[in-house]
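Letter by letter, the chains look like this.
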Amino acid sequence: MLEFKKTAPLAQIGMMRQLSAPHWAQLEPGFTTLRECTAGEVISERGQPLDHSLLLVDGIVGRRIKVGRKQGARHHLVALQVPGDFVDLHAYPLKVLDHDIVAITNVRMAVISHERVKSLIDNQPEFIRQLWSLTLVDAAIHRHWALRNGTMRALQRVANLFAELITRMDAGGAAVSGSYALNLSQPHIGDTCGLSGVHINRVLRTLREANCCTYVKGELVVQDRAALNLIAEFDPDYLYLPGS
């Protein structure tokens, strides 16, 4: 993990666009340092006291929970964060988290102290409401994941995950000619969708043969977004996208 002083202002991307321009102008200078982590690195552990929160600038971060006893225990991904997301804003009121935060890819994050957050929102109820709304969107996404993995067929699950991630990444300006650097391994996709490796291979082949999208070496190339959304039965309302 590397940490260094921020030398340029951060762009207001992704979910940060939920904040009004004046509130972003107050918040942005509070990110005084940047932190870099490599893929697979644990950013914070469950139960670890936290006095700061992190804004994801580049890469993908996951929230994971250990399942089972120490012997043979495994980690299960319960959320993915994309650029423009607060990775752990809920650590401000909670102080500790019930899950690990881990770098899925190489990531860069901006750090803001909870002391700074407190100084910004004191006596600013509208600022509090806007920051609170960010955590409420996280909750809405969690509910959708539970619905997706509990009710959808394998093909729908993966297509729905892809449709969600690229919609969220579009809000962060991540797309280049319909190509998205998700950098998720097949085990990551299987974990988030509750599917085996055999299922994932079959689903990716079906999506490719439908000329819908191709996923190779972490790169998702979307040939027909309308077809992807149709297969996924994707409705983005639960994302509460800025401007929607």
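Relevant structure appears above.
This text gives an overview of the structure that appears in the document. Keep in mind it's a predicted model, so treat the numbers as computed, not measured.

## Digging into the pairing of strand β5 (residues 61-67)
And step 1. In the sheet, β5 pairs with strand β6 (residues 74-81) via 7 bridges, with the strands oriented antiparallel. Considered in β6, the bridge of R64 is made with L77.
And step 2. Here 4 bridges tie β5 to strand β7 (residues 100-103), and the two strands are oriented antiparallel to one another. Within the sheet, the bridge partner assigned to G62 lies in β7 and is V102.

## Description of the environment of E219
And step 1. With respect to the helices and strands, the residue E219 is situated in strand β11 (residues 219-222).
And step 2. Residue classification places E219 among the partly exposed positions, given a relative accessible area of 29%.

## Details of the side chain of R148
And step 1. Turning to its location among the elements, R148 is positioned in helix α4 (residues 125-151).
And step 2. A residue is classified by how much of its surface remains accessible, and R148, at 0% relative accessible area, is buried.
And step 3. A polar contact of 3.4 Å, which involves the side chain of R148, links it to the side chain of N149.
And step 4. If we ignore the near neighbours within four places in the chain, the residues touching R148 are R157, N160, L161, E164 and T192.

## Brief notes about the sheet that holds β11
And step 1. Taken together, 3 strands build an open sheet; the order of strands is β9-β11-β10 and the sheet is antiparallel. Strands at the two margins of the open sheet, each flanked by one partner only, are β9 (179-181) and β10 (213-216). Neighbour to neighbour, the strand axes of the sheet diverge by 15° on average, direction disregarded.
And step 2. Bridge count between β10 and β11: 4 bridges; the pairing is antiparallel. Looking at the pairing, V216 lines up with E219 of β11.

## Remarks on empty space enclosed by the protein
Rolling a probe over the atoms, with the probe sized like a water molecule, indicates the empty space that remains.
And step 1. Taken as a whole and assessed by the stated rule, the structure comprises 2 cavities of 30 Å³ or more.
And step 2. Quantified by volume, the largest cavity comes out at close to 140 Å³.
And step 3. Surrounding the largest cavity, 14 residues form its lining, M15, D85, L134, V137 and D138 being those nearest its centre.
And step 4. Per-element tally for the lining of the largest cavity: the top contributor is α4, with 4 residues.

## Thoughts on the sheet that holds β6
And step 1. Ordered in space as β3-β7-β5-β6, the 4 strands form an open sheet in which the pairing is antiparallel. Edge positions in the sheet fall to β3 (42-44) and β6, since each of these pairs with one other strand and no more. Strand-to-strand, the axes of this sheet are offset by a mean angle of 40°, without reference to chain direction.

## Quick look at the pattern of salt bridges
And step 1. According to the stated counting rule, one finds 11 salt bridges in the structure shown.
And step 2. Ionic pairing is found between D122 and K118, a salt bridge with its closest N-O pair at 3.1 Å.
And step 3. Judged by its relative accessible area of 37%, D122 is partly exposed.
And step 4. One salt bridge in this structure joins R129 and E126, with 2.8 Å as the shortest N-O distance. With R129 and E126 both in helix α4, this residue pair falls 3 residues apart, about one helical turn.
And step 5. In this structure R129 comes out as partly exposed when scored by relative accessible area, which is 44%.

## Brief notes about the layout of surface pockets
And step 1. A volume near 370 Å³ is recorded for the largest pocket.
And step 2. Put simply, the parts of the chain that give the lining of the largest pocket at least two residues each are β1 (2-5) and β4 (52-58).
And step 3. Here the element with the most residues in the lining of the largest pocket is β4; it accounts for 4 residues.
And step 4. Looking at the lining of the largest pocket residue by residue, the class counts come to 17 nonpolar, 7 polar and 4 charged.
And step 5. Counted as a void, the second largest pocket has a volume near 200 Å³.
And step 6. Surrounding the second largest pocket, L89, H90, Y92, P93, V117, I121, I128, L131, W132 and T135 form its lining.
And step 7. Elements with a minimum of two residues in the lining of the second largest pocket: α2 (91-94), α3 (114-121) and α4.
And step 8. The biggest single contributor to the lining of the second largest pocket is α4, with 4 residues.
And step 9. Among the residues forming the lining of the second largest pocket, the class breakdown is 8 nonpolar, 2 polar and no charged.

Thresholds, definitions, all that
Residues numbered from 1 in each chain as written. Predicted model: local features only at pLDDT ≥ 70, side-chain atom pairs only at ≥ 80, totals over all residues. Heavy atoms only, no water. Pairing = 2+ DSSP bridges. Helix = DSSP H or I, 4+ residues; strand = E, 2+ residues; numbered from the N terminus. Buried < 20%, exposed > 50% of the residue type's maximum accessible area, 1.4 Å probe, protein only. Polar contact = N/O pair within 3.5 Å; in protein donor to acceptor, adjacent residues only side chain to side chain. Contact = heavy atoms within 4.5 Å. Axes fitted to C-alpha atoms, helices over the stretch in contact; angles between N-to-C directions. 1 Å grid on protein atoms, 1.4 Å probe; cavity = no way out; pocket = protein on both sides within 12 Å on 5 of 7 lines; lining within 4 Å. Points joined across faces, edges and corners; volume = space filled by probe spheres on them. Salt bridge = Lys/Arg side-chain N within 4 Å of Asp/Glu carboxyl O. Nonpolar A, V, L, I, M, F, W, Y, C, P; charged D, E, K, R; others polar.

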